[in-house]
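Coordinates in review
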Amino acid sequence: MACIALFLFIPAGAQHNALQQLDSLAGQYIRSLREHSGEKVFLQTSKLVYRVGERVHFKAFVTHSVSGKPSRLSNVLYVDLVDERDSIHDRFLLNAADFATDGSFVLPDTIGSGHYWLRAYTKLSLKDAEQPMAVQMLYVINSLLPDRYVTSVQKTSLTGSGDSVRVQFFPEGGTMVGGANTLLAIKTTDLTGNPVSAKGLLKDDRDSVVVSWQTDNRGLGKFRFFCWTWRRYQLHLQRPGLPDLRYTVPSVNLFGAQLAVIDHNGIRKLRVLLEDSIFRKDKVTYVLGISGDSLCFSGVGKGSYELVIPEYRFPGNVAHFVLFDEKKHLLSERSVYIKPDANQVQLTADKIRYSAREKVTVSFKISDSDNRPQVASFLVSVNDSSQSQTYTALKPKGMDDIMRSIFLPGEELTPEEWELKLLTEKNRYQVDLHDPSKKIIANKEDSSLFISGTVWDTRNRPVAQKIVTLFGDMKAKVFTSDTTDAEGRFCFPFTAYDDRTRFNLQVTDLSGRLFPSKMIMDTNLVFPVVLTPEKLKQRLVKEEIETVRKAMILQSRSDTLIQNRGKEWLTDVTVTGLVKKDPGYDVKKRQSLFSKIIPPEVFAKLGGNSLGNVIFRVPGIHLRNGYVTVTGGNSFAIGAATEPLLIIDGVPIPSDTSDKLPGSEPSPVLLALNRIDPSSVEFMEVLIGPEAAIYGVRGGNGVIIVNTRTRMVLSENNLANGVRNLMVKGFHVPEPFEQRDYSLKEIRNSRIPDTRSSLIFWQGDGLTDADGKATISFYTADIATSYTVTVTGITAMGARFRKQLTIARK
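My aim in this report is to walk through the structure given alongside it, one point at a time.

Cut-offs and rules
- Residues numbered from 1 in each chain as written.
- Predicted model: local features only at pLDDT ≥ 70, side-chain atom pairs only at ≥ 80, totals over all residues.
- Heavy atoms only, no water.
- Helix = DSSP H or I, 4+ residues; strand = E, 2+ residues; numbered from the N terminus.
- Buried < 20%, exposed > 50% of the residue type's maximum accessible area, 1.4 Å probe, protein only.
- Contact = heavy atoms within 4.5 Å.
- Areas by Shrake-Rupley, 256 points an atom, 1.4 Å probe, with all protein chains shown as cover.
- Patch = residues over 30% accessible without salt bridge, like charges linked within 9 Å, V, L, I, M, F, W, Y side chains within 5 Å.
- Salt bridge = Lys/Arg side-chain N within 4 Å of Asp/Glu carboxyl O.
- Phe/Tyr/Trp six-rings, centres within 6.5 Å; stacked < 30°, edge-to-face > 60°.
- Pairing = 2+ DSSP bridges.
- Axes fitted to C-alpha atoms, helices over the stretch in contact; angles between N-to-C directions.
- Core = buried A, V, L, I, M, F, W, Y, C linked by side-chain atoms within 4.5 Å.

Moving on to the overall build of the protein. The number of helices and strands found in the protein is eight helices and 46 strands. When each of the 810 residues of the protein is scored for burial, the buried share is 52%. Across the protein, every contact between residues at least 6 apart in sequence was considered, and the portion connecting residues at least 24 apart equals 69%. Only carbon and sulfur atoms are counted for the fraction: they give 51% of the accessible area of the protein, which is about 39400 Å².

Residues Leu144, Leu145, Leu593 and Phe594 make up a contiguous nonpolar surface patch of roughly 390 Å² in combined accessible area. Considering the arrangement of structural elements, one finds Leu145 in the loop between β9 (134-141) and β10 (166-171). The exposure class assigned to Leu145 is partly exposed, which follows from its relative accessible area of 34%.

Across all of its chains, the model carries 23 aromatic pairs by this definition. With a centroid separation of 5.8 Å and an interplanar angle of 25°, the aromatic rings of Phe364 and Phe801 are classed as stacked. Residue Phe364 is found in strand β26 (residues 359-367), and its partner Phe801 is found in strand β46 (residues 800-809); the two are separated by 437 residues along the sequence. In this structure Phe364 comes out as buried when scored by relative accessible area, which is 2%. Considering the side-chain rings of Phe494 and Phe503, the 5.7 Å spacing of their centres and the 20° angle between planes classify their relative orientation as stacked. We note that Phe494, like Phe503, is buried.

Buried residues dominate strand β23 (residues 330-338), accounting for seven of its nine residues. In terms of strand pairing, strand β22 (residues 317-324) meets β23 through eight bridges, oriented antiparallel. Across the sheet, residue His320 finds its bridge partner in β23, namely Ser335.

With antiparallel pairing, three strands are arranged side by side in an open sheet as β31-β28-β33. Edge positions in the open sheet fall to β31 (489-492) and β33 (518-521), since each of these has one partner strand only. On average, adjacent strands in this sheet sit at an angle of 30° to one another, irrespective of strand direction.

Our focus in this paragraph is the nonpolar core. By size, the foremost hydrophobic cluster in this structure holds 38 residues, and its most contacted members are Leu93, Ile451, Val468, Phe492, Phe503, Leu505 and Met519. A per-element tally of this core places β9 first, with four residues.

Shown next, in the form of structure tokens:
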């Protein structure tokens, strides 16, 4: 909602026309601002450093680039994991339109140690040149595959020869004006874009020292000086024992105008200056003050004048001021940081101290500064305070802290840092009132999840007037049909379904008789091909990697292979052999080096039409009382609950036998396996024993993993009643955080240790009710320590927040 303060600095007789022009300008600018609004993505993970086999939890927030409010402009949020070469190791689709933007995945032990980056972006966010995506660094430790790209600590030196430092100039208001005190911000970086701390002098063309300057460890600095119109200025960067580096300061723009901020006895004012070439005492200019996408201030004056900034009119954070002439041309702009009225965030626990395996209930409430409840989306992470200190102390190298795409960049900045950040930004909104072609169009007609294709007859000719019926299984309860057009095409315009959803397709004529045909499916889902901007990549240096590696060895509860020397160690053994042949499948998808693999050639020899026949070729897999068991089963009560966990393309399959045929086996695992066309399977993997521990409690009975070949798998072989099976990639469904239900007495009294250490609990889909309240519950682990509960989120009005609470596990 706009809350406007109006200031007029023109004679009373001309006020009516000025008000009309100001009203028209303000309305057009706000409309254009909202139409040009894109998206920004922010991303958080459960931590920075992981071992292979650990589960990564993440949460993304998609916001309007201007207002900062949660955005639904895009239907799809793309998330992928890339390495040093930008090779993709995993990728997901998230439902941005429904704000389902949390997820999780397991790091397989086939990937090596090193830096990886989790990226999140929409097609709209990619249009932002400065921050096209959110990038979160992950460092992965694999003791069997060391890091090949370790970075040592490097300090930028100014003692080298040549132009080793780049300097960027940012005049206040975007232009240099003469005859007044001028504020000039600078940014110093090395040739690769890393910030450099530097100092030096500003000299004029008479070689007189005007002012000294210095940039901080972020490479940012500013200084003020009286700028003469016809003088030329040079920035001298001093280097010990070497000649100064010199940089030419931008000249005065003789046709320019400047919107500057001056502080007069603690009161901030806007100063409008016009250069001599355009200055007239009767020249009218207009000033608009914007917060987000709302108008909070407007003023009009003639010539050069000053306006008091009514800070109480702005909700806080960044106030953006723009200066226009009578023809609605943008002359200057300036952003100012205004300390916001803080949201009232309450985070309380039902107790202060807890025993092992005890339920913790945390109450959360958020309201604005006027105590009005706020609806908010949030994530919750609970960490072991003692171990989390190892990771919070890390200072990743590369991206400047002030430019990081973390969710709360501003709350950690001082007002002085805010001033430097805003001065060194380019055009904040990039709105051109004379160019409407840049209007942003929401991706509501995104066809990524459409299921479409072409029906061909047996002579490879497209056929019209055929009915294509699509129906789903128990997971996708849908039944619909479409009639092919003159080119044999059909389309089902779906906008949302879960990953690895299975559909069935059948082709009939208009009389309902089966029509012998072929189908070619369209590839509607195409991930954007993007490179990770180097400035968004963060890295740990060698010394920090060694610190966290040692910390992980100490906290590890599993066997670790440590290479050493001494009389108690066996001597080295050299093994020689032949190079392995191509296994015929993507080894990157393999979850464990010690698992049992069923390669694709086995399906053709032994599987026939059923994967259920193949699975029993694995030693230790048996059929007891109609149910699949691993090593004979872990219980006397054999049933669906004792079967191994079945995962198809990363998605756990629930135990559902509601649609099984009479007389068939009762096993949910066999029922699900027999639904899969063997020709669509790339390979199968079976985890038995300790290697299944990466799936937590659910992997206790073993794990069967099925990996298919493509995003959309259409079975054309062995059609029953003309029904084709179609498997598609849809929206990622995150695994709930694994924790034992200690409300059950037998589980609470179990002797199996609860070894949760660094991450105790995670919830990425938190949402408050209409009263701004939410309740969070989790169970403590066995280790006595203190926990840090962190709630991070965003309100419906775009206010970001973070609140922490410490509790003790006695």
